[in-house]
Amino acid sequence: RCVTGTPDGAIAVWDSRDKKCVRVVRAHAAGPQVTREDGPPTHHGVRCLRLRADQKTLLSAGADGHVISWDVSSGDLKEGSVLGATPVKRRSGSEAPNPPVFRGLDCAPGSDVFVAGTHGSEVWEIDDTPRVLIHGHSADLYGVSWNPVAPTEFATASEGERVHVWCAASRKLQRAVALGSKARCVGYSPDGGELAVGCKNGGVHVLDAKSLIRLKWMKTLGEYVTDVKFSPDGELLAAASADQRIDVYERKGGYKKIATCRGHSATVRHLDWCAESKILRTVCGAYEILYFDARTGRQVTANQRDTKWATWTSVLGFDVMGIWRDGSDGTDINACDVSKSRRHVVCADDFGGVSLLNYPCVVEDAPCAVGRGHSSHVMNVRFSPDDDWVVSVGGKDRAVFQWRFKEKVREVPKTAPAPWEAAEAELRGKARGKAAPGGTRGAAPWET
């Protein structure tokens, strides 16, 4: 027999020889309705089936949060074959009150413990007391930012309408909040007290960093927000968007918009503040680098060659021109970040790689170390405030990768003396070996 799960929560039993459905066994509830990109709305139903190593027990998990054990020792599955059902419930007070929607299932041979993956990118360990082993995002992941005053804390934001705050030391989720809007970027204030989140609908949430309670909501942009950053002095907040402009808000004025920066001819991808919190540097999809006065929104045409920047996340510019490889089309690198020591730059590319290079990176085909692991485009990457870690986020793979960063100190090899130095040392030794008149050693001409 062959068994398959159905969207309405049933299990269909097929005759593998005649290729016909023998019966349909009621198993799970249909679960919540979902919208498919290539068809009409449907339900999650039964998405995972697993035959245990003993070849006698079948496990099924569905969208109703239950895992059912079936007796298939006879080689068939019937309604009365249920051995037991394990309900999986989230702990009280959870942001997601609905039961987990299972999408994958596996079990350890000779054990009653098994693991299950969910639609929300969680991994559960299911036994007498089910618990979440790994938390995750339920949609495309774009935003990441470190808390500047807490080097082990960082936040991620995804189109799953949730913001997660993680601990880098324990590698565990600390807290999370549902925004009600698809998030695209995130940024901490310099004092670590507030968290700005840019959304796909053009809005910006400002949250309390500890409680994740919303303090302010601004909706002044027409397209999705691509980047948000507080000024180094913490007085201003800049938000770049796909409608080719940057809005600047004053923090002490209740985040009132004080300026709009215009001039780009394509989606603004990245922005950086100067160290004095006066000038904004922005880059767009048309490969333009523009500078703006943050208070007035006017474009600055003066040369900014000697300007000190609080951050460097722009993928364009003289200092990072070496990150682009031969054959790049201008979109292969999605993000970059320069370490706080200003000695290294890390890049995220379209090929699942996270590259580490020396900074400034101004030579062609600059040497680099590439970390692999992401199965999709890497959309963002950031150094921790103390340069101990790097965090990268994948787009479609919804994964958060934490990398340990340690600078290698190379020992300077001992070099052999130059030929003329060796000859000079030999002559000096011979001269010292000769005795001077009166029983004393004479000094060499260059020693007198």
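Everything below is about the structure printed above this text.
What counts, and where the lines are drawn
- Residue positions within a chain follow its written sequence, with the count starting from 1.
- Only residues with pLDDT of at least 70 get local features here, since the model is predicted, and only at 80 or more are side-chain atom pairs given and counted; chain-wide, interface and lining totals rely on the full set of residues.
- Side-chain numbers here rest on the full set of heavy atoms in the structure, without hydrogens or water.
- Only DSSP runs of H or I with at least four residues qualify as helices, and only runs of E with at least two residues qualify as strands; both kinds are numbered from the N terminus onward.
- Buried, partly exposed and exposed residues are distinguished by accessible area as a fraction of the type maximum, computed with a 1.4 Å probe on protein chains only: under 20%, between the cut-offs, and over 50%, respectively.
- Working rule for contacts: check all heavy atoms of both residues, and any pair within 4.5 Å makes them a contact.
- Lys and Arg are tallied as positive, Asp and Glu as negative. Neither His nor the chain termini are counted.
- For the purpose of locating charges, the reference atoms are NZ of Lys, CZ of Arg, CG of Asp and CD of Glu.
- Counted as salt bridges are all cases of a side-chain nitrogen of Lys or Arg within 4 Å of a carboxyl oxygen of Asp or Glu.
- Definitions used for this entry: grid spacing 1 Å over protein atoms alone; cavity, a set of points where a 1.4 Å probe fits but cannot get out; pocket, an open set with protein on both sides within 12 Å along at least 5 of 7 lines; lining residue, one with an atom within 4 Å of a point.
- Grid points are joined across faces, edges and corners, and a volume is the space filled by probe spheres set on the points.
- Note on residue categories: nonpolar means Ala, Val, Leu, Ile, Met, Phe, Trp, Tyr, Cys or Pro, charged means Asp, Glu, Lys or Arg, and polar means any other residue, Gly included.
- If DSSP finds at least two bridges between two strands, the strands pair.
- Lines fitted to C-alpha atoms define the axes, with helix axes restricted to the stretch in contact, and inter-axis angles between N-to-C directions lie between 0 and 180 degrees.
- Geometry of aromatic contacts follows a simple scheme: Phe, Tyr and Trp rings, the Trp one being its six-membered ring, pair when their centres are within 6.5 Å, and the pair is stacked under 30 degrees between planes, edge-to-face over 60, tilted otherwise.
- Only Lys NZ and Arg CZ are tested; either one counts as a charge over a ring when it is within 6 Å of the ring centre and within 35 degrees of the ring normal.

Counting its regular elements, the protein chain contains 1 helix and 35 strands. When the backbone C-alpha atoms are referred to their principal axes, the protein chain occupies close to 115 × 65 × 40 Å. The buried share of the protein chain, taken over its 448 residues, is 45%. When contacts within the protein chain are restricted to residue pairs at least 6 apart in sequence, those whose partners lie at least 24 apart make up 41%. Each charge class in the protein chain can be summarised by its mean position, and for the 60 positive and 55 negative side chains these summaries are 1 Å apart.

A few words now on the pattern of salt bridges. Scanning the entire structure with this criterion turns up 19 salt bridges. In this structure, Arg26 and Glu79 form a salt bridge, with 3.6 Å as the shortest nitrogen-oxygen distance. With Arg26 in strand β3 (residues 20-26) and Glu79 in the loop between β8 (66-71) and β9 (82-87), this residue pair connects regions lying 53 residues apart in the sequence. For Glu79, a relative accessible area of 40% translates into the label partly exposed. Salt-bridge contacts for Arg295 lead to Glu250; the nearest nitrogen and oxygen are separated by 3.2 Å. Remark: Glu250 occurs in strand β24 (residues 245-250) and Arg295 occurs in the loop between β28 (289-293) and β29 (333-338); sequence separation between them is 45 residues. Each of the salt bridges in this network shares a partner with another, and the network as a whole consists of Arg1, Asp15, Arg23 and Asp76.

Once that is clear, we can look at unusual backbone geometry. Residue Tyr359 is joined to Pro360 through a cis peptide bond whose omega torsion reads -5°. The residue Pro360 is located in the loop between β31 (353-358) and β32 (368-372) in this model. Look at Glu161: it is not a glycine, yet its phi comes out positive at around 65°. Overall, the relative accessible area of 32% leaves Glu161 in the partly exposed class. Even without glycine at this site, Asp365 takes up a positive phi of about 55°. Residue placement: Asp365 occurs in the loop between β31 and β32.

Take a probe with the size of a water molecule and roll it over the atoms, and the empty space left behind shows itself. Computed from the structure, the second largest pocket encloses a volume of approximately 1000 Å³. As for the second largest pocket, its lining consists of 46 residues, of which Asp227, Val228, Lys229, Thr313 and Arg382 are closest to the centre. Elements with a contribution of two residues or more to the lining of the second largest pocket: β14 (141-146), β18 (183-188), β22 (225-230), β26 (268-273), β29 and β33 (378-383). At 6 residues, β22 tops the list of elements feeding residues into the lining of the second largest pocket. Of the residues that constitute the lining of the second largest pocket, the class distribution is 22 nonpolar, 16 polar and 8 charged.

Inspection of the secondary structure puts Ala169 in the loop between β16 (162-167) and β17 (172-178). Those residues within four positions of Ala169 in sequence are excluded, and the remaining contacts are Thr152 and Trp389.

Take the sheet that holds β31 next. Strand order in the open sheet formed by 4 strands is β29-β30-β31-β32, and the pairing between neighbours is antiparallel. Of all strands in the sheet, those with a lone pairing partner are β29 and β32, marking the two edges. Taking the axes of each pair of neighbouring strands and ignoring which way they run, one obtains an average angle of 20° across the sheet. For strand β30 (residues 344-349) and β31, the ladder comprises 5 bridges, and the chain directions are antiparallel. Each residue of the ladder has a partner; that of Val345, found in β31, is Leu357.

Bringing the pairing of strand β34 (residues 389-394) into the picture now. With 6 of its 6 residues buried, β34 lies for the most part within the structure. Here β34 shows a buried face lined by Trp389, Val391 and Val393 and a second buried face lined by Val390, Ser392 and Gly394. Where β33 meets β34, 5 bridges bridge the pair, whose relative direction is antiparallel. By the bridge assignment, Arg382 is partnered in β34 with Val391. Between the end of β33 and the start of β34, which pair antiparallel, lie 5 residues, with Asp387 showing a positive phi angle near 65°. Bridge analysis of β34 against strand β35 (residues 400-404) gives 5 bridges, and the strand direction is antiparallel. Within β35, the residue paired with Val390 across the bridge is Trp403. Between β34 and the antiparallel strand that follows it, β35, lie 5 residues; Arg398 among them carries a positive phi value of about 60°.

Tracing the backbone through its elements, the reader meets Tyr142 in strand β14. Take Tyr142: its relative accessible area is 16%, and that puts it in the buried class. Taking the C-alpha atoms as reference points, Tyr142 and Gly394, separated by 252 residues in sequence, lie 7.0 Å from one another.

As a further point, take the sheet that holds β8. With respect to topology, 4 strands assemble into an open sheet ordered β6-β7-β8-β9, the strand pairing being antiparallel. Edge strands, defined here as strands with exactly one partner in the open sheet, are β6 (46-51) and β9. Between one strand axis and the next, the sheet turns by 20° as a mean value, whatever way the strands run. In the sheet, β6 pairs with strand β7 (residues 57-62) via 5 bridges, with the strands oriented antiparallel. By the bridge assignment, Leu51 is partnered in β7 with Leu58.

Attention now goes to the packing of aromatic side chains. Counting across every chain of the model gives 6 aromatic pairs. Between the aromatic rings of Trp146 and Trp389, the centroid separation amounts to 6.4 Å while the plane-to-plane angle is 5°, which identifies the pairing as stacked. Taken together, the residues span a long stretch of sequence, with Trp146 in strand β14 and Trp389 in strand β34 at a distance of 243 residues. Exposure remark for Trp146: the relative accessible area of 7% places this residue in the buried category. An aromatic cluster of three or more residues is present, and its members are Trp146, Phe154 and Trp389. Positioned above the aromatic ring of Tyr142, the side-chain terminus of Arg184 is 3.8 Å from the ring centre. Just above the ring of Trp312 sits the side chain of Arg281; from NZ or CZ to the centre is 3.8 Å.

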